[in-house]
Amino acid sequence: MGAIYRREMQAFFISGIAYVFLAVFFLFSGIFFFNGVLGMGTSEVSAMFSSMFIIVLFLIPILTMKLMSEEKKNRTDQGLLTAPVGLWSIVLGKYFAALTLFAIAEAIVFIYALILGYLGNVIWSTLIGNYIAMLFLGAAFIAVGLFISSLTENQMAAAVASMLALFMLYLMDSLARNVKNATVSKIMTSLSFYSRYLEFTRGVFSLSSIVFFVSAAFLFNFLTVRVLDKRRWG
Amino acid sequence: MIEVKNLTKRYGDKQAVNDISFKVEKGEILGFLGPNGAGKSTTMNMLTGYISSTSGQILINGVDILEDPKKAKSFIGYLPEIPPLYMDMTVDAYLSFMFDLKKCKLPRKAHLKDVCDLCKITAVRGRLIRNLSKGYKQRVGLAQALINNPPVLILDEPTVGLDPNQIIEIRTLIKKLGKTHTVILSSHILPEIQAVCDKIIIINKGVVAANGTAEEIAKNITNEHKMTLRIEGSTGTAADKQQVADAIRALPGVKYVRADMEREKGIYDYDVEAEENVDIRRSLNDLCREKGWNILMLQLSDLTLEDIFLKITMGETLSDSQKNSKPAPKIDISVKDGELVASTAKADEAPAAEDESADAEEKENGGDQ
């Protein structure tokens with residue numbers, strides 16, 4: 001797992017994806033921070049963090065699109081799958097590489113919290129709760145993106161499909177409202193990533209939501225492993 | 001070292017590999033020969049655990065590849081048809097990655113240096129793989145397979161796409177590696193397999209068409225005593241032709257003589273066929289000495305592996321056209337107790353095949369100037 005993790009981290013920076021990801025992340029989060037927080041003269045960050053959901057949604061697929069699809073396209077997966085490593089090591093190595101990059105992005109964005117702390121009164125528990133929520137949201141999204149990347153050989157297809165899938169997750173609440181069947185509607189709401197994430201921006205630290213995100217991450221990583229395993233039997 | 005029992009792979013209705021069994025002992029080089037699409041790569045991918053077999057068993061060093069894949073894979077160095085190279089890495093970074101991936105416990109610096117020296121890629125270690133020539137990429141692929149000194153090397157068409165010099169280099173390297181490793185090598189190029197391998201398996205349409213050592217296979221097909229002679233007669237004119245042909249025909253055991261073209265000025269070639277199990281070369285020599293003629297060339301046109309191979313491939317094109325009718329007709333080759341037996345070829349078909357192979361040979365040697 002370590003070897004694959006290190007290679008992916010290198011690849012992020014060599015290919016430039018890391019820089020694009022970080023730059024776009026900082027640009028938009030900077031705009032939201034400036035407009036929504038500094039410009040309004042408030043230390044209320046919930047608006048900023050709820051907007052961040054959209055950025056994360058569109059940027060995560062850029063991180064994950066290549067991870068599995070390129071291996072298959074260039075046949076480098078033959079090197080990985082015939083090496084004495086398990087499928088979980090391969091998948092988790094890649095997963096944690098993407099997650100690390102996401103965490104780096106978030107760590108730097110933490111500077112906003114320090115600025116706010118300097119300028120005014122901040123409720124630290126809420127603020128930190130928000131950062132944690134974003135991290136776990138990213139963890140779940142990365143697993144989804146990685147899974148979709150394992151389904152195709154085309155990285156653009158992987159990126160677009162991941163964005164669509166994540167966007168559908170985002171729309172889950174509004175879709176649920178129009179579903180007549182109460183049970184289905186309830187299931188859809190309970191699967192909503194956005195409403196769970198919003199709880200944190202409102203200052204509620206919901207452990208069940210953390211568990212939800214972690215479970216989603218595990219589920220999709222498991223599915224990725226199954227995809228790799230099934231390909232051998234094809 | 002490697003034991004394969006009744007290996008079968010089915011893709012839907014298509015039988016890619018059908019009931020293949022073989023054994024490779026330690027220190028042997030086994031050649032897998034077959035036309036494109038014969039099932040060579042599929043077999044190799046199963047051997048290395050990249051894909052699973054539909055049925056059958058593969059034991060690497062006694063370990064079942066499906067039961068304990070990690071352990072079995074740790075015995076294998078694999079160079080797939082397309083080397084698994086990351087184009088945006090340097091050779092050094094890539095080999096270092098493979099070193100970690102294979103959980104190699106050898107001293108990193110020294111081992112990587114050894115591998116690079118062996119594959120002659122030391123000069124390009126700092127370069128991006130993307131910028132390397134095809135030959136170097138292939139060698140990096142080979143280097144990758146050698147990391148961690150696996151006892152088994154599986155090389156899928158290691159010389160494909162290389163220029164003649166590089167081919168010779170890689171072949172020499174494989175031969176050298178064969179002394180310390182068990183090697184399985186695939187190719188659709190016959191001379192390559194002949195040059196490198198101790199044992200040969202000819203595979204066609206997913207089934208083993210022939211199996212044995214290179215000599216065994218050749219020996220079993222040398223019962224057609226045909227040869228081409230170039231004899232310089234006494235007059236150096238066309239009059240020799242008849243005279244020489246008649247004299248040879250008069251030798252005991254000669255079945256058939258035909259004077260051929262004038263290949264050199266005033267000198268003719270003769271196609272001679274003797275009865276089976278009769279060696280006429282000595283009496284032929286005596287005859288020429290007696291008459292004062294010179295033998296300028298004597299070439300036995302026994303079936304070479306090339307001919308077998310041509311037959312197999314011809315069998316394939318034949319069955320392609322009748323795809324909808326049942327499995328491939330069993331070519332004119334059958335296997336008996338691991339020995340290859342060529343059924344006497346149809347008289348009208350065999351010479352054509354020989355001509356073709358002679359042409360191919362000529363081309364390969366760059367003509368005979």
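Summary of the structure given here. Since the model is a prediction, treat every value here as computed from it, not as a measurement.

Scanning chain A from terminus to terminus reveals 10 helices and 0 strands. Of the regular secondary structure in chain A, the N- to C-terminal order runs α-α-α-α-α-α-α-α-α-α. Expressed as a percentage of the 234 residues in chain A, the buried residues total 51%. Residue pairs at least 24 apart in sequence account for 76% of intrachain contacts in chain A once pairs closer than 6 positions are excluded. In the form shown here, chain A has an accessible surface area of approximately 10400 Å², with 71% of it arising from carbon and sulfur atoms.

Applying the stated rule across the entire model yields 3 cavities of 30 Å³ or more. By residue number, the principal contributor to the lining of the largest cavity is helix α4 (residues 77–81) of chain A, which donates 3 residues. Considering only residue class, the lining of the largest cavity consists of 5 nonpolar, no polar and 4 charged. The calculated volume of the second largest cavity comes to roughly 50 Å³. Every residue lining the second largest cavity is listed: Gly 79, Thr 82 and Ala 83 of chain A together with Ile 76, Gly 77, Tyr 78, Met 98, Lys 102 and Gln 144 of chain B. Each residue belonging to the lining of the second largest cavity can be placed in one class, and the counts come to 4 nonpolar, 4 polar and 1 charged.

Residues and elements named next belong to chain A. Enumeration according to the criterion identifies 20 salt bridges over all chains in this entry. A salt bridge links Lys 94 to Glu 71; the shortest N-O distance between them is 2.7 Å. Taken together, the positions of Lys 94 in helix α5 (residues 87–119) and Glu 71 in helix α3 (residues 46–73) put the pair 23 residues apart, joining distant regions of the chain. Classification of Lys 94 as buried rests on a relative accessible area of 0%.

With 23 residues of chain A at the contact, the number on the chain B side is 26 residues. When chain A packs against chain B, close to 2500 Å² is buried across both sides, 61% of that on carbon and sulfur atoms. At the junction of chain A and chain B, the tally comes to 1 salt bridge. Between Arg 6 of chain A and Asp 100 of chain B there is a salt bridge, and its shortest N-O distance comes to 3.2 Å. Summed over the shared surface of chain A and chain B, the result is 7 residue pairs in polar contact (both at pLDDT 80 or more). Here the side of chain A that touches chain B takes 6 residues from helix α1 (residues 2–15) of chain A, the largest share from any one element. Considered class by class, the residues forming the side of chain A that touches chain B number 9 nonpolar, 8 polar and 6 charged.

Glancing now at a positive patch on the surface. Residue and element names in this part refer to chain B. A contiguous patch of positive charge on the surface is contributed by Lys 120, Lys 175, Lys 176 and Lys 179. Following the sequence through the fold, Lys 175 ends up in helix α6 (residues 164–178). A relative accessible area of 44% means that Lys 175 is categorised as partly exposed.

Once that is clear, we can look at the side chain of Thr 152 of chain A. Residue and element names in this part refer to chain A. Of note, Thr 152 is situated in the loop between α6 (124–149) and α7 (155–177). A polar side-chain atom of Thr 152 sits 2.9 Å from the main-chain amide nitrogen of Asn 154. For Thr 152, the contacting residues outside a window of four places in its chain are Ser 69, Ala 157 and Ala 158.

Turning next to the sheet that holds strand β6 (residues 76–79) of chain B. All names here are of chain B. Spatial ordering of the open sheet is given by β6-β7-β8-β3-β9-β10, a layout of 6 strands whose pairing is mixed. Each of the sheet's edge strands pairs with one partner strand only, and the pair in question is β6 and β10 (207–213). The sheet shows a mean angle of 15 degrees between the axes of neighbouring strands, taken without regard to direction. The sheet contact formed by strand β3 (residues 29–33) and strand β8 (residues 182–187) spans 5 bridges and is parallel. Paired with Phe 32 across the strands is Ser 186, a residue of β8. Docked against the sheet, helix α5 (residues 134–146) engages β6 and β7 (152–156), running at close to 165 degrees with respect to β6. The strands touched by α6 within the sheet are β3, β7 and β8, with β8 carrying the most contacts at an inclination of about 150 degrees.

Let's shift gears to unusual backbone geometry. Despite not being glycine, Arg 75 of chain A shows a phi value in the positive range, around 65 degrees. When you line up the elements, Arg 75 of chain A lands in the loop between α3 and α4. For Asn 61 of chain B, which is not a glycine, the phi torsion comes out positive at approximately 55 degrees. Tracing the backbone shows Asn 61 of chain B in the loop between β4 (55–60) and β5 (63–64).

All names here are of chain A. Among the surface-exposed residues, Phe 34, Leu 38, Ile 111, Leu 114, Ile 115, Tyr 118, Leu 119, Trp 124 and Ile 128 lie close enough to one another that they form a single nonpolar patch of about 920 Å² accessible area. Elements with a minimum of two residues in the nonpolar patch: α2 (17–38), α5 and α6. The leading source of residues in the nonpolar patch is α5, at 5 residues. In this structure, Leu 38 sits in helix α2. The partly exposed category is assigned to Leu 38, whose relative accessible area is 32%.

Thresholds applied
- Residues numbered from 1 in each chain as written.
- Chains lettered and ligands numbered in written order.
- Predicted model: local features only at pLDDT ≥ 70, side-chain atom pairs only at ≥ 80, totals over all residues.
- Heavy atoms only, no water.
- Helix = DSSP H or I, 4+ residues; strand = E, 2+ residues; numbered from the N terminus.
- Buried < 20%, exposed > 50% of the residue type's maximum accessible area, 1.4 Å probe, protein only.
- Contact = heavy atoms within 4.5 Å.
- Areas by Shrake-Rupley, 256 points an atom, 1.4 Å probe, with all protein chains shown as cover.
- 1 Å grid on protein atoms, 1.4 Å probe; cavity = no way out; pocket = protein on both sides within 12 Å on 5 of 7 lines; lining within 4 Å.
- Points joined across faces, edges and corners; volume = space filled by probe spheres on them.
- Nonpolar A, V, L, I, M, F, W, Y, C, P; charged D, E, K, R; others polar.
- Salt bridge = Lys/Arg side-chain N within 4 Å of Asp/Glu carboxyl O.
- Buried area = accessible area lost by both parts, 1.4 Å probe.
- Polar contact = N/O pair within 3.5 Å; in protein donor to acceptor, adjacent residues only side chain to side chain.
- Patch = residues over 30% accessible without salt bridge, like charges linked within 9 Å, V, L, I, M, F, W, Y side chains within 5 Å.
- Lys, Arg positive; Asp, Glu negative; His and termini not counted.
- Charge placed at Lys NZ, Arg CZ, Asp CG, Glu CD.
- Pairing = 2+ DSSP bridges.
- Axes fitted to C-alpha atoms, helices over the stretch in contact; angles between N-to-C directions.

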